[in-house]
Amino acid sequence: MKRTRKLLAGLTATVLLLSLLPTTALAAPQSSYTSESGITVNVTPLPAELAHAKHIGDGVLMVEENDTYTFYDVNGNKLGTGSGYDLKGNFNSGLAPVSLYDPYTGETAYSYINKTGSLAFSARFQDASAYSEGIAWVELNGKNLYIDTNGMGITTQNFVRTYDFHDGVAVAQLRSTSSEYSHDGRQIDHYVVIDKSGNIVGHFPQRRVDYEPAFGWWYMEDTVELGPGSDYVFRNGSLPVTGRDDEMYLMDKTGTLRSVPGLNGANIVACVGEDRVLVSKSTMWAVVTMDGSMTLPYLYSYAELRSTRFEYNISNLGASDKDGIIDINGNIVVQVYRAENGRSYLAIDAPREIPVVRGTVLEREGASRPERLAKVPPKGQRQELPV
């Protein structure tokens, strides 16, 4: 009979679970385990003095005190300090966006810091995003541009809107007066897909609109727009979009559309694998295959399955960062179901022989499920529900 461990551990050090679940527990030896669906979770303890540090990406931990940031690596080694700026995003590609306020001019400028806390470039931007896949979007002199990790532009194209790189590409909106888009030279906003060299590799599908046939005037307009609930990035080669018929589609990087049957009014949030999509209806999320069958019913709300959108096929579970991890099949990988009096109670789906954390370990057989686990039907009793 498979056993579920009930772990009782003191809250004295931060544990990083795939950098997704910043829960706290006593120091423990390095350990890992794999769920039945093949998801491996590594548990790495941190030094007790960093119990209250915040993980801000790229293996960097930060402690803020008296308007000064101190940065550490996951082994507790001090990387550096910084002050005079405000962090505006997490580290990615070794850099994090910051803002600097000048009290004499009343103006705010943006730049980036490295892991030592030092400015990587001069503060010359009017806005700046966190890096994604080595590229960030910035606003410079009223223009929306993409820059690399050296602060150099990857293209001279001025975009109307810019979105993050993911899956090797980014969605951007450009404004063109080319005769390719308009006979009379009017300005046309058009979404495109660009690569990391700034080249346009795909276009949103378009149609011709003849608005003054007598004069031969026409323009091209996009037939689809970015889907509601989407974070506007490609995942597994697909991007959720909405047609003018209000139908949801998955668009590939070249602009080719693919329909997903059986949505029944649901919105596509993201593509979470070659054969599955994350969908939303009202405030609830579910996972559906491309043929319309359901693998994870509407059991969880956006507040419970947030932030990661099943990146690497797992997602945070719960209304706070300390509630657990769920995989794409609905299996609870790690569940923190109660924390009180300085102790944390966890249910972990793992074989007995795997060391998970040092502390008091109580084996449970046939015991009732923890409160938050009880909402998921036990294996063998799950049923497929309509979307």
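Use the structure listed above.
Residues numbered from 1 in each chain as written. Predicted model: local features only at pLDDT ≥ 70, side-chain atom pairs only at ≥ 80, totals over all residues. Heavy atoms only, no water.

A. Representation of the pairing of strand β17 (residues 169-176) within the structure. Most of β17 is tucked away, with 7 of its 8 residues classed as buried. Pairing of strand β16 (residues 159-162) with β17, which is carried by 3 bridges, proceeds in the antiparallel orientation. What sits directly across from Phe159, in β17, is Leu174. Hairpin connection, β16 to β17: the antiparallel pair is bridged by 6 residues, and Asp167 has positive phi, about 65 degrees. Pairing analysis gives 8 bridges linking β17 to strand β18 (residues 188-195), with the strands arranged antiparallel. Of the residues in β18, the one forming a bridge with Leu174 is His190. (Buried < 20%, exposed > 50% of the residue type's maximum accessible area, 1.4 Å probe, protein only. Helix = DSSP H or I, 4+ residues; strand = E, 2+ residues; numbered from the N terminus. Pairing = 2+ DSSP bridges.)

B. Here's a closer look at the side chain of Arg276. Here Arg276 shows up in strand β27 (residues 276-281). Note on Arg276: relative accessible area 18%, which makes it buried. Not counting residues within four places of it along the chain, the set of residues in contact with Arg276 comprises Cys271, Val287, Val288, Thr289, Met290, Thr295, Ile328 and Asn329. (Contact = heavy atoms within 4.5 Å.)

C. Summary view of unusual backbone geometry. At Asp58, a residue that is not glycine, the phi angle is positive and equals roughly 55 degrees. Of note in this structure, Asp67 is not a glycine but carries a positive phi near 60 degrees. Residue position: Asp67 is located in the loop between β7 (60-65) and β8 (68-73).

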